Amino acid sequence: MSLVTLWEADEGWADEFDRIERELRTILGEDAQRVDHIGSTSVPGLLSKDVIDVQVTVVDESLLDRVASMLEQRGWRRRAPVDDHVVPGLSADPSEWQKALFHEPEGRRQAHVHVRVAGRANQRYALIVRDYLRGHPAAAAAYAEVKRGLATLAPDSDAYADAKDPACDLIYRAAEAWATEAGWEPSDHSD
């Protein structure tokens with residue numbers, strides 16, 4: 001059992017992402033349409049587990065295996081097949097939630113790379129939640145309190161993640177309303 005440890009926001013997380021992004025772009029080249037810093041470490045001021053989450057976007061499903069192979073050849077460790085949870089009210093089509101997930105090469109700083117297909121629900125979800133929290137500090141602060149409570153109530157990593165999903169889905173709903181009103185486009189990966 002892996003226990004959840006939350007860290008106060010660290011300005012160094014952005015630099016860590018930049019290093020990982022450069023490495024991934026070198027490995028994947030044009031096969032990566034986007035490389036984005038996602039998750040809590042991508043939101044300034046938000047506490048998080050000390051894990052840099054990265055989303056690699058590929059243009060279509062045919063590239064998932066190719067990208068996975070390139071990452072594995074460079075020491076990135078693929079997790080057993082895993083898909084994202086289905087958000088209530090969105091399509092239950094399994095292809096909308098498909099991804100490949102990798103952990104950092106042995107002995108390196110903790111990082112998770114989520115490879116998702118452009119335009120799929122899970123690819124959009126990660127970006128819209130990130131951008132919404134970046135632009136709405138009060139929502140990010142409320143989310144931080146939820147995370148603190150969950151880390152106490154569900155200190156096991158897997159239980160914590162499962163319990164956190166519905167809270168993120170609520171944020172997503174608010175983010176969709178905001179995105180529609182604001183004409184949202186994902187921010188540049190380097191933000």
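Residues numbered from 1 in each chain as written. Predicted model: local features only at pLDDT ≥ 70, side-chain atom pairs only at ≥ 80, totals over all residues. Heavy atoms only, no water.

**A short note on the overall build of the chain**
Now for step 1: When helices and strands are tallied, the chain shows five helices and six strands.
Now for step 2: Secondary structure elements of the chain, listed N to C terminal, follow the sequence α-β-β-α-β-β-β-β-α-α-α.
Now for step 3: Seen along its three principal axes, the alpha-carbon backbone of the chain occupies a region of about 40 × 40 × 30 Å.
Now for step 4: Residues counted as buried form 46% of the 191 residues belonging to the chain.
Now for step 5: Of the contacts formed within the chain by residues at least 6 apart in sequence, a portion of 72% connects residues at least 24 apart.
Now for step 6: Total accessible area on the chain is roughly 9500 Å²; 52% of this is exposed by carbon and sulfur atoms.
Now for step 7: Taking the average location of the 22 positive side-chain charges in the chain and that of its 35 negative ones, the two points are 2 Å from each other. (Helix = DSSP H or I, 4+ residues; strand = E, 2+ residues; numbered from the N terminus. Buried < 20%, exposed > 50% of the residue type's maximum accessible area, 1.4 Å probe, protein only. Contact = heavy atoms within 4.5 Å. Areas by Shrake-Rupley, 256 points an atom, 1.4 Å probe, with all protein chains shown as cover. Lys, Arg positive; Asp, Glu negative; His and termini not counted. Charge placed at Lys NZ, Arg CZ, Asp CG, Glu CD.)

**Some remarks on the pairing of strand E6 (residues 111–117)**
Now for step 1: The buried fraction of E6 is high, at seven of seven residues.
Now for step 2: Burial along E6 is two-sided: the residues Ala-111, Val-113, Val-115 and Val-117 and His-112, His-114 and Arg-116 are all buried.
Now for step 3: Summarising the sheet, strand E2 (residues 52–58) and E6 pair through seven bridges and their orientation is parallel. Counted as the bridge partner of Gln-55 is His-114 from E6. (Pairing = 2+ DSSP bridges.)

**Points about the pairing of strand E5 (residues 98–103)**
Now for step 1: Where strand E3 (residues 77–78) and E5 come together, two bridges link them in antiparallel fashion. Bridge pairing links Arg-78 to Phe-102 in E5.
Now for step 2: Of the strand pairs in this sheet, strand E4 (residues 82–83) and E5 are connected by two bridges, and their pairing is antiparallel. If you follow Val-82 over to E5, its bridge partner there is Lys-99.

**Some thoughts on helix H3 (residues 121–135)**
Now for step 1: Between its first and last C-alpha, H3 extends 21 Å over 15 residues, near the 21 Å set by a 1.5 Å rise per residue.
Now for step 2: Residues of H3 that are buried include every one of Ala-121, Asn-122, Gln-123, Tyr-125, Ala-126, Leu-127, Ile-128, Val-129, Arg-130, Asp-131, Tyr-132 and Leu-133, and no others.
Now for step 3: Considering only its buried residues, H3 is in contact with strand E1 (34–38), E2, E5, E6, helix H4 (137–153) and helix H5 (157–182). (Expected span 1.5 Å × (residues − 1).)

**Topic: the packing of H4 against H5**
Now for step 1: Two numbers describe how H4 lies on H5: the axes approach to 10 Å, and their chain directions differ by 160 degrees. Our classification of the angle between H4 and H5 gives roughly antiparallel. In the crossing of H4 with H5, the sense of the turn from one axis to the other is right-handed. Every residue of H5 that contacts H4 at Tyr-143, Val-146, Lys-147, Leu-150 and Ala-151 is listed here: Tyr-160, Ala-163, Lys-164, Ala-167, Cys-168 and Ile-171.
Now for step 2: Of the residues in the contact of H4 with H5, the class split is nine nonpolar, no polar and two charged. (Axes fitted to C-alpha atoms, helices over the stretch in contact; angles between N-to-C directions. Parallel < 35°, antiparallel > 145°, perpendicular 65-115°, else oblique. Left-handed = near helix turned anticlockwise from the far one by under 90°. Nonpolar A, V, L, I, M, F, W, Y, C, P; charged D, E, K, R; others polar.)

**As for helix H2 (residues 63–73)**
Since there are 3.6 residues in each turn of an α-helix, residues three or four apart along the chain are aligned in direction.
Now for step 1: Here H2 has its buried residues at Leu-63, Leu-64, Val-67, Ala-68, Met-70 and Leu-71. End-on, the buried residues of H2 take up no more than an arc of 165 degrees, which puts them together on one face. Residues of H2 that are exposed and point over 90 degrees away from its buried face: Asp-65 and Gln-73.
Now for step 2: Phi turns positive, to about 95 degrees, at Gly-75, one or two residues after H2. (Arc of directions from axis to C-beta.)

**A closer look at the layout of surface pockets**
Now for step 1: Its volume calculated, the largest pocket comes out at about 1300 Å³.
Now for step 2: Along its surface, the largest pocket is lined by 45 residues, and Lys-49, Asp-53, His-114, Ala-161 and Lys-164 are the ones closest to its centre.
Now for step 3: Broken down by secondary-structure element, the contributors of at least two residues to the lining of the largest pocket are E4, E5, E6, H3, H4 and H5.
Now for step 4: Per-element accounting of the lining of the largest pocket gives the leading share, eight residues, to H5.
Now for step 5: Taken together, the residues that form the lining of the largest pocket break down as 18 nonpolar, 13 polar and 14 charged. (1 Å grid on protein atoms, 1.4 Å probe; cavity = no way out; pocket = protein on both sides within 12 Å on 5 of 7 lines; lining within 4 Å. Points joined across faces, edges and corners; volume = space filled by probe spheres on them.)

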